[in-house]
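# Examination of the molecular architecture
This is what each chain is made of:
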Amino acid sequence: MASNSTPDKGLSRRTVLATAGTVGLTAVSLSAGLPSAEALPVQEASTSVNGGPSRRPGGWHRYVQGPSSRTVRPVRIVAASGDVTKPAALLEPGGARSVLRRPRPAAAPRWPDGTTAEASSAHAGNNGNDGQPRTYDAANAIDGNPDTFWNDDTPGAFPDVLTITMPQVTPLTGITVISNSDGVPTDYTVEVWRDGDWHTAATVTGNDAVQKAVPFTEEISTDRVRITVTNAQDTPHGYFTRINEVWPAPVAPIPVPSITVDFGKVVVGYPQIRFTSASDNSPGVRVAFSETRQFLTDRSDFTRSDQAGGAGQGTDQFAVPTMGANWTDHKGFQTGDQVFADGLHGFRYLRISLDALASDSPAAQPWGTVEIDSIALQFTAYLGTPSTYRGWFLCSDDELNRYWYGASYTNELVTDTFRQDDVDPRNAWSASLEGKLVLQDGAKRDRDPYVGDLAVSARTLYLTHDDAAEAARNVLADLADHQRADGWIPPASIGNYTLPLFDYPLYWVTCSWDYVLYTGDRPYATRYYPTLLKVLDTWYPSVTDDAGLLSKGLNSTQGYGDYAFLGRTGRVTYYNALYVQALQDATRLARLLGQNADASRWSARADKVAQAVNSLLWDADAGAYLDSGTGAARHAQDGNSLAVVTGIADADRAASALAHLDATTKRAYGNAFMDNDTLFDQASQRVYAFTSYPEIQARFLAGRADSALDQIRRTYGWMDRNDPGITHWEGIGPGGSLYEDAYTSMAHGWSTGVLPALTHHLLGARPTSPGYATWEVRPQPADVDWATGQLPTPHGPLSVEWANSAGSFRLIVHGPARTQGAVAFPGDPRGQRVRTARRTLWDGRRASTRDVAVVDGTLTVSSLGPGHHTFVCERHGG
């Protein structure tokens with residue numbers, strides 16, 4: 001789910017060019033270098049067509065990213081600062097110890113009694129992040145309490161001025177400015193009043209220190225000091241000037257001893273630190289977490305307490321007892337309402353510092369000595385090891401292999417148990433989900449199951465760890481059980497199931513079909529069919545206009561959002577293309593259950609919506625579908641891609657729309673989701689892997705496998721190469737940046753579409769009816785030399801292996817028991833000869849059996865039963 005916060009349909013025309021013969025196909029093997037049926041074990045081929053996997057030691061197992069056990073340890077020390085001894089000892093439990101030391105600081109300088117402060121503006125008082133009443137007056141900057149602060153009231157506007165007036169002239173050698181990590185003043189001047197005028201005593205630029213000593217070039221006698229701030233850090237808590245304290249002397253901070261460790265990739269769970277001893281003053285440690293080094297500071301890049309009014313101030317704290325402790329970071333306070341820890345975290349980097357909040361004194365002190373044996377993480381998510389994979393993939397392109405298993409690992413991180421202390425604190429906890437396995441959106445945030453995300457992440461799950469399919473079912477069933485009386489389905493449990501999104505009830509329909517398609521769970525379909533009826537026959541008709549199109553704004557929906565909380569209104573191509581997909585999927589479900597009248601009605605409605613989209617939202621001048629029928633002309637990735645995937649676009653329009661996206665949205669880090677910035681600034685520079693997935697699908701379905709792989713390599717290559725590596729980001733911003741800075745989730749299940757895309761289109765295997773009762777293998781090799789893989793089905797594995805060369809295409813398929821399938825060969829049938837060991841099935845013009853035909857320009861062999869099927873497709877001139 002963005003914080004801003006499909007089963008493949010193919011092109012619609014099907015033309016049979018040739019059919020002949022009556023003989024069905026049975027399992028055979030070839031004498032032309034292909035392995036026999038017995039050479040393809042269930043888990044992994046030891047030998048392969050064209051020598052594929054056998055030339056790669058370790059095969060697909062070596063790409064698996066999950067940890068080997070639930071206790072995960074860091075792999076290296078990134079940095080150490082301050083008085084630290086043996087930082088690397090943290091990596092070797094039970095051996096030498098790391099020691100952090102910090103002397104007790106001297107008492108802070110105080111202003112003379114009677115000193116006052118005034119400011120150019122001050123924010124109105126409120127309850128603050130911790131829910132306690134706060135003021136933000138200028139006087140807070142000289143009250144001797146570092147937990148209070150002056151906060152201006154002109155966000156993003158400068159200068160901000162703080163003036164301190166003493167009761168008499170006093171000699172000063174400088175000042176110290178104490179701010180907080182919610183945003184420090186970066187640029188300011190310090191002036192003193194002398195000889196009836198203001199004089200500059202010091203200038204500060206580019207500051208990022210919370211405690212900044214500002215010495216004067218000489219001692220100055222004055223009774224007034226003025227600080228003029230011209231810039232400050234812009235943080236998630238606002239673009240304000242915040243000053244906690246100003247001291248009447250330059251005091252250099254005592255370096256905070258800290259050690260930063262790297263876990264090598266994003267992990268998720270409960271951090272654990274083994275303290276072996278400490279000084280007897282209850283020295284405090286602060287632990288900060290981040291998915292990237294860029295946003296690792298003394299604060300975590302994200303904590304739930306920031307959203308829920310907690311007291312953590314962006315870090316987790318612990319007061320170390322003299323005898324040490326084995327501390328696990330669980331949510332809560334250590335002593336009454338002091339020394340807070342936030343609990344579970346998703347992160348790659350961990351920084352532990354000998355420090356403490358002033359508000360935690362005397363329970364924790366920011367000085368003393370702490371000895372540490374080790375740091376670890378108790379991993380809570382799905383533990384994906386080679387033995388747990390029911391589906392796998394391997395090909396001749398090492399990069400594509402990394403992206404596939406990076407997607408799987410990303411999805412494992414968000415497959416976790418729903419726990420009250422670990423989910424989004426904005427009223428997302430639900431008793432009906434507590435303790436159940438679910439698919440959440442992100443590892444670090446929001447940790448809430450959004451149904452739109454399942455449109456991608458659930459497919460990834462079904463293709464890798466089908467034993468965890470309950471994670472998707474639990475979410476779908478729970479949201480259905482919270483359906484509103486008017487038929488609308490909530491997108492997630494957040495906000496007590498009230499977050500108003502326009503598109504997500506449609507995703508509930510499509511994800512319900514996906515679940516039944518991959519698992520064959522007919523009882524689920526039967527139980528929630530009445531829910532489906534209310535979604536499609538009650539709620540969406542209430543937001544349908546006289547042209548038959550969904551129109552956001554009808555039925556008081558103008559304030560509803562969507563997957564990216566975009567301010568789109570009226571007839572939007574994306575909403576209507578997704579509506580067509582939902583109607584098509586609902587039609588399939590209805591036919592499965594024998595509800596033929598509903599199926600016919602929904603199929604007719606889907607056709608009507610598709611016709612209206614083509615007549616009212618196609619922009620002939622641009623050669624693409626408009627994002628919306630109202631407002632400035634723009635063309636979106638989501639609407640154009642789904643129009644191709646659902647068959648709304650015929651072949652000509654599909655080619656034109658994809659060409660338009662290529663010409664206007666192509667970036668080094670993927671394809672942007674808008675072709676201009678009329679919806680919001682920099683929209684044409686933002687990439688969502690979530691909406692890139694249907695575009696990648698569309699390119700494969702339109703016969704543009706090369707461009708699909710190019711888009712995959714740009715999008716996923718960027719994420720794979722850049723910190724934190726391996727996992728797939730919620731969104732990419734201008735220039736390849738984190739699109740929402742530190743708030744961005746760097747391991748988001750909705751971004752894993754590369755995995756189903758490679759399995760279903762490059763490898764080419766997919767189910768075509770519930771539970772893989774029927775299946776299809778339609779490889780699209782592009783520039784890939786060979787590929788092999790396995791799909792888990794309720795009847796056993798569906799295995800595929802192929803090798804592609806200029807002269808031939810060789811294919812082995814193993815169909816599960818009690819299933820039937822078809823294979824389709826890439827290339828022009830007129831230049832092909834397809835044979836098995838026993839016969840020629842196609843000689844370039846005629847078929848030898850009725851199960852061989854040219855469909856949509858592709859040679860197809862159907863009616864394949866269980867067992868091994870081996871083919872060689874020879875290309876003329878090869």
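Residues numbered from 1 in each chain as written. Predicted model: local features only at pLDDT ≥ 70, side-chain atom pairs only at ≥ 80, totals over all residues. Heavy atoms only, no water.

Before going further, it helps to spend a moment on the overall build of the protein. Of regular secondary structure, the protein possesses 15 helices and 41 strands. What you see for the protein is a C-alpha radius of gyration of 31 Å, in line with the 29 Å of a compact globule of 878 residues. Overall size of the protein, expressed as C-alpha extent along the three principal axes, is 110 × 65 × 50 Å. Sorting the 878 residues of the protein into buried and exposed places 60% on the buried side. Element-wise, carbon and sulfur atoms account for 48% of the exposed surface of the protein, whose accessible area totals about 30,400 Å². Across the protein, the centroid of the 75 positively charged side chains sits 10 Å from that of the 95 negatively charged ones. (Helix = DSSP H or I, 4+ residues; strand = E, 2+ residues; numbered from the N terminus. Rg over C-alpha atoms; globule rule 2.2 N^0.38 Å. Buried < 20%, exposed > 50% of the residue type's maximum accessible area, 1.4 Å probe, protein only. Areas by Shrake-Rupley, 256 points an atom, 1.4 Å probe, with all protein chains shown as cover. Lys, Arg positive; Asp, Glu negative; His and termini not counted. Charge placed at Lys NZ, Arg CZ, Asp CG, Glu CD.)

Counting along an α-helix, one turn takes 3.6 residues, and residues three or four places apart therefore face a common direction. With 15 residues, helix 12 (residues 651–665) should reach 21 Å at 1.5 Å per residue; the first-to-last C-alpha distance of 21 Å fits that figure. Buried within helix 12 we find Ala654, Ala657, Leu658, His660, Leu661 and Thr665. Seen from one end, helix 12 has its buried residues packed into an arc of 155°, which puts them on one side. Relative to its buried face, helix 12 has exposed residues pointing more than 90 degrees away, namely Asp652 and Ala663. Elements in contact with the buried residues of helix 12: strand 27 (618–619), strand 28 (624–625), helix 11 (637–645), strand 29 (666–667), strand 30 (670–671) and helix 13 (689–701). (Expected span 1.5 Å × (residues − 1). Arc of directions from axis to C-beta. Contact = heavy atoms within 4.5 Å.)

Of note, the bond from phenylalanine 158 into proline 159 is cis; its omega dihedral lies within 30 degrees of zero at 10°. Mapped onto the elements, proline 159 comes out in the loop between strand 7 (150–151) and strand 8 (160–178). Cis geometry is adopted by the peptide bond preceding aspartate 446, which originates at arginine 445 and carries an omega value of 0°. Mapped onto the fold, aspartate 446 is located in the loop between strand 24 (437–439) and helix 3 (451–464). We note that serine 282 has phi near 55°; this positive angle belongs to a residue other than glycine.

It is worth spelling out the pattern of salt bridges at this point. Taken as a whole and assessed by the stated rule, the structure comprises 48 salt bridges. Here aspartate 262 and arginine 348 are joined by a salt bridge, their closest N and O atoms 2.7 Å apart. Pair noted here: aspartate 262 is in strand 14 (residues 258–278) and arginine 348 is in strand 20 (residues 345–354), with a separation of 86 residues, a long-range link. In this structure, arginine 846 and aspartate 843 form a salt bridge, with 3.6 Å as the shortest nitrogen-oxygen distance. With relative accessibility at 48%, the residue arginine 846 sits in the partly exposed group. On the accessibility criterion, aspartate 843 (31% relative accessible area) is partly exposed. The network of salt bridges with shared partners includes Asp424, Arg426, Arg445, Asp446 and Glu730. (Salt bridge = Lys/Arg side-chain N within 4 Å of Asp/Glu carboxyl O.)

Turning next to the packing of helix 8 (residues 529–539) against helix 9 (residues 573–592). Axis separation between helix 8 and helix 9 bottoms out at 12 Å; the angle between their running directions is 145°. Viewed along their axes, helix 8 and helix 9 form a crossing whose handedness is left-handed. Every residue of helix 9 that contacts helix 8 at Tyr529, Leu532 and Leu536 is listed here: Tyr579, Ala582, Leu583, Ala586, Leu589 and Ala590. For the contact of helix 8 with helix 9, the per-class residue count stands at 9 nonpolar, no polar and no charged. (Axes fitted to C-alpha atoms, helices over the stretch in contact; angles between N-to-C directions. Left-handed = near helix turned anticlockwise from the far one by under 90°. Nonpolar A, V, L, I, M, F, W, Y, C, P; charged D, E, K, R; others polar.)

This part covers the nonpolar core. Considering soluble globular proteins, one finds that nonpolar side chains tend to be buried as a cluster. Core analysis: the biggest nonpolar cluster contains 173 residues, and Trp508, Leu536, Tyr563, Ile712, Leu811 and Phe825 have the highest contact counts within it. With residues up to four places along the chain from it excluded, the contact list for leucine 536 reads Leu506, Val509, Pro541, Tyr579, Ala582, Leu583, Ala586, Trp602 and Arg605. Membership of the second largest hydrophobic core comes to 38 residues, among which are Leu100, Phe347, Leu354 and Phe379. (Core = buried A, V, L, I, M, F, W, Y, C linked by side-chain atoms within 4.5 Å.)

Let us now look at the packing of aromatic side chains. Two measures describe an aromatic ring pair: the distance that separates the ring centres and the angle between the ring planes. Here the structure, examined in full by the defined rule, presents 46 aromatic pairs. Ring plane angle 90° and centroid distance 6.3 Å describe the contact between phenylalanine 502 and tyrosine 540, whose orientation is recorded as edge-to-face. Residue phenylalanine 502 is located in the loop between helix 5 (494–497) and helix 6 (504–519), and its partner tyrosine 540 is located in the loop between helix 8 and strand 25 (551–555); the two are separated by 38 residues in the primary sequence. Tyrosine 540 shares its class with phenylalanine 502; the two are buried. Between the NZ or CZ atom of lysine 265 and the centre of the ring of tyrosine 409, over which it lies, the distance is 5.6 Å. (Phe/Tyr/Trp six-rings, centres within 6.5 Å; stacked < 30°, edge-to-face > 60°. Lys NZ or Arg CZ within 6 Å of the ring centre and 35° of its normal.)

Okay, the environment of arginine 102 next. With respect to the element layout, arginine 102 can be found in strand 5 (residues 98–102). Put simply, arginine 102 and glycine 368 are 266 residues apart on the chain and 5.3 Å apart in space, counted from C-alpha to C-alpha. Not counting residues within four places of it along the chain, the set of residues in contact with arginine 102 comprises Ile254, Pro255, Val256, Pro257, Leu354, Asp355, Pro366, Trp367 and Gly368. Within the structure, arginine 102 has its side chain in polar contact with the backbone oxygen of isoleucine 254 (distance 3.3 Å). A distance of 3.4 Å separates a polar side-chain atom of arginine 102 from the backbone oxygen of leucine 354. (Polar contact = N/O pair within 3.5 Å; in protein donor to acceptor, adjacent residues only side chain to side chain.)

Before going further, it helps to examine the pairing of strand 41 (residues 867–875). Of all 9 residues in strand 41, 8 are buried, a share of seventy percent or more. Here strand 35 (residues 808–815) pairs with strand 41 via 8 bridges, running antiparallel. Bridge pairing in strand 41 links isoleucine 812 to threonine 870. Relative to strand 41, strand 37 (residues 832–835) is paired through 4 bridges, and the arrangement is antiparallel. Considered in strand 41, the bridge of arginine 835 is made with valine 872. (Pairing = 2+ DSSP bridges.)

To continue, consider the environment of cysteine 873. Its location among the elements puts cysteine 873 in strand 41. Classification of cysteine 873 by relative accessible area gives buried; the value is 0%. Residues in contact with cysteine 873, not counting those within four places in the same chain, are Gly807, Ser808, Phe809, Phe825, Gln832, Arg833 and Val834.

The first and last C-alpha atoms of helix 4 (residues 470–481) sit 16 Å apart over 12 residues, in line with the 16 Å expected at 1.5 Å per residue. Within helix 4 the residues assigned to the buried category are Ala471, Ala472, Asn474, Val475, Leu476, Ala477, Asp478, Leu479 and Ala480.

Strand order in the open sheet formed by 7 strands is 22-33-34-35-41-37-38, and the pairing between neighbours is antiparallel. Each edge of the open sheet is held by one strand with a lone partner, namely strand 22 (392–395) and strand 38 (840–842). Direction aside, the axes of adjacent strands within the sheet are offset by 15° on average.

Let's shift gears to the side chain of asparagine 614. Within the secondary structure, asparagine 614 sits in helix 10 (residues 596–616). You can call asparagine 614 buried: its relative accessible area is 17%. At a separation of 2.5 Å, a polar atom in the side chain of asparagine 614 contacts the side chain of tyrosine 625.

Another aspect to go through is the environment of glycine 406. With respect to the helices and strands, glycine 406 occurs in helix 2 (residues 398–413). In this structure glycine 406 comes out as buried when scored by relative accessible area, which is 2%. The contacts of glycine 406, once residues within four sequence positions are left out, are Ile726, Thr727 and His728.

Taken N-terminus to C-terminus, the directions of helix 2 and helix 3 make an angle of 105°; their axes are 10 Å apart at the nearest point. Overall, the two elements helix 2 and helix 3 adopt an arrangement that is roughly perpendicular. Contact residues: helix 2 offers Trp404, Ala407, Ser408 and Asn411, while helix 3 offers Ser457, Thr460, Leu461, Leu463 and Thr464. The class makeup of the residues in the contact of helix 2 with helix 3 is 4 nonpolar, 5 polar and no charged. (Parallel < 35°, antiparallel > 145°, perpendicular 65-115°, else oblique.)

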